[in-house]
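Spelled out from the first residue to the last, the chains are:
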Amino acid sequence: STASTHVRGLEQQLGGDLFVRGSKRQTALTPLGALILPRAQEILTQCTQLENLARPNQNTDLLCLAASTVPSRCLAPALMAGFSAQMPQCRYQLQNADSQKVHELLRQRTIRLGLVGTRLLEEGCTYQLLCQDKLILAAPALPRYSQLAQKGALGSQLLTEPMLCREEGSGTHQQLLRYVEQLGMDTQCLNIVARIEQPQTILDAVAQGLGVTVCSALYAKPWIDAGRILAFELQQESLYRGLYL
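Since we're looking at a predicted model, the values are computed, not measured.

### A closer look at the sheet that holds strand β3 (residues 61-67)
Phase 1 of the analysis: The three strands lie next to each other as β4-β3-β5, forming an open sheet whose pairing is parallel. A strand with exactly one partner marks an edge of an open sheet, and here the two such strands are β4 (90-96) and β5 (113-115). The sheet shows a mean angle of 30 degrees between the axes of neighbouring strands, direction not considered.
Phase 2 of the analysis: The pairing of β3 with β4 spans seven bridges and is parallel. By the bridge assignment, leucine 62 is partnered in β4 with arginine 91.
Phase 3 of the analysis: Its contacts with the sheet place helix α5 (residues 99-107) against β3, β4 and β5, and it is angled at close to 175 degrees to β5.

In structure tokens:
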């Protein structure tokens, strides 16, 4: 009830609803709430940084990070745990964003370090390669695609299929566009049936038969192992992209 009172007060100050109240205590962000949330997170991060400046003798150090989707899931937990073993006093604040947003946060000095799936800046950032992430084409585990897999079809031959894509700022999506251009294809020819921010939702939709997607093999491994989707190599020699600090 205290939180609800604060939220109502904030909504009155801002002149609009931030949440859509649903049944069974379920809530969702309104368009205004979705617009305000990233800025609110930045403000809270800056407040924490200000507190740390004002209290430099504290025995804890806050490390503000942001990570795009694949590094956030596949790399960040192990990296933070490993660093904490060496620096037990360190505390973390981790934001999730696409690669483009992570670069914006770095430029704004809102975060100290970013984990991204593509290089976007040639100046102003130093990139350290953490690992190579294989890109694959994921397709539904349906008879038609199973037959194509048995015949040795490549993912590049399936790029005209109904396609599910990440948002424009996603590192995975940027790599897909570069790859399509390298093949001499017009990116406008991609038959994009849905743009979905969350790769988990994309892979669930692929498993349901909505279309195919180009994605990280690291991220898709649980779906592949469970037999929910089929993985096609994009080309004869596996296609990799770097994940960077």
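### Overview of the pairing of strand β11 (residues 239-244)
Phase 1 of the analysis: For β11, a buried count of five out of six residues is recorded, marking the element as mostly surrounded by other parts of the structure.
Phase 2 of the analysis: Pairing of strand β6 (residues 129-140) with β11 involves six bridges; the strand directions are antiparallel. Looking at the pairing, leucine 129 lines up with tyrosine 244 of β11.

### Some thoughts on the pattern of salt bridges
Opposite charge on two side chains makes pairing possible when the charged atoms of those side chains draw close.
Phase 1 of the analysis: Enumeration over the complete set of coordinates arrives at eleven salt bridges.
Phase 2 of the analysis: Between glutamate 167 and arginine 166 there is a salt bridge whose closest N-O contact spans 3.3 Å. For the pair shown, glutamate 167 and arginine 166 are each scored as buried.
Phase 3 of the analysis: Put simply, Arg39, Glu42, Lys101 and Glu104 are held in one network by salt bridges that share partners.

### Some remarks on the state of the cysteines
Phase 1 of the analysis: All chains considered together, the criterion is met by zero disulfides.
Phase 2 of the analysis: Of all cysteine sulfurs, the one in cysteine 215 lies closest to cysteine 165, which takes part in no disulfide; the gap is 11 Å.

### A few points about the packing of helix α8 (residues 199-207) against helix α9 (residues 217-225)
Phase 1 of the analysis: For the pair α8 and α9, the least separation of the axes is 11 Å and the interaxial angle reads 40 degrees. Crossing of α8 over α9 shows right-handed handedness. In contact with Pro199, Gln200, Leu203 and Asp204 of α8, α9 contributes Tyr219, Ala220 and Trp223.
Phase 2 of the analysis: When its residues are assigned to classes, the contact of α8 with α9 shows five nonpolar, one polar and one charged.

### Re the confidence of the model for the protein chain
Low-confidence regions, as indicated by low pLDDT, have predicted coordinates that should not be scrutinised in detail.
Phase 1 of the analysis: Summing up the model confidence of the protein chain, the mean pLDDT is 88 and the portion of residues at 70 or higher is 96%.
Phase 2 of the analysis: Within the protein chain, the lowest mean pLDDT, 83, falls on helix α2 (residues 31-54), and the highest, 96, falls on strand β10 (residues 229-233).

### Some thoughts on the packing of aromatic side chains
Phase 1 of the analysis: Tallying each qualifying case throughout the model produces two aromatic pairs.
Phase 2 of the analysis: Between tyrosine 127 and tyrosine 244, the aromatic rings sit 5.7 Å apart at their centres with planes inclined by 75 degrees, giving edge-to-face as the arrangement. Of this pair, tyrosine 127 sits in the loop between β5 and β6 while tyrosine 244 sits in strand β11, placing them 117 residues apart in sequence.
Phase 3 of the analysis: Under the relative-accessibility criterion, tyrosine 127 is labelled buried at 15%.
Phase 4 of the analysis: Residue classification places tyrosine 244 among the buried positions, given a relative accessible area of 16%.
Phase 5 of the analysis: Between tyrosine 219 and tryptophan 223 the ring centres are 5.9 Å apart and the planes differ by 15 degrees, which places this aromatic pair in the stacked class. Here the residue tyrosine 219 and the residue tryptophan 223 both occupy positions in helix α9, the gap between them amounting to four residues, near one helical turn.
Phase 6 of the analysis: The exposure class assigned to tyrosine 219 is buried, which follows from its relative accessible area of 7%.
Phase 7 of the analysis: Over the aromatic face of tyrosine 219 sits the side chain of arginine 73, whose NZ or CZ is 4.4 Å from the ring centroid.

### Let's talk about the pairing of β3
Phase 1 of the analysis: The element β3 is extensively covered by neighbouring structure, given that five of its seven residues are classed as buried.
Phase 2 of the analysis: For β3 and β5, the ladder comprises three bridges, and the chain directions are parallel. Paired with leucine 65 across the bridge in β5 is leucine 113.

Reading the values: rules and limits
- Residues numbered from 1 in each chain as written.
- Predicted model: local features only at pLDDT ≥ 70, side-chain atom pairs only at ≥ 80, totals over all residues.
- Heavy atoms only, no water.
- Pairing = 2+ DSSP bridges.
- Helix = DSSP H or I, 4+ residues; strand = E, 2+ residues; numbered from the N terminus.
- Axes fitted to C-alpha atoms, helices over the stretch in contact; angles between N-to-C directions.
- Contact = heavy atoms within 4.5 Å.
- Buried < 20%, exposed > 50% of the residue type's maximum accessible area, 1.4 Å probe, protein only.
- Salt bridge = Lys/Arg side-chain N within 4 Å of Asp/Glu carboxyl O.
- Disulfide = S-S within 2.5 Å.
- Left-handed = near helix turned anticlockwise from the far one by under 90°.
- Nonpolar A, V, L, I, M, F, W, Y, C, P; charged D, E, K, R; others polar.
- pLDDT = per-residue confidence, 0-100.
- Phe/Tyr/Trp six-rings, centres within 6.5 Å; stacked < 30°, edge-to-face > 60°.
- Lys NZ or Arg CZ within 6 Å of the ring centre and 35° of its normal.

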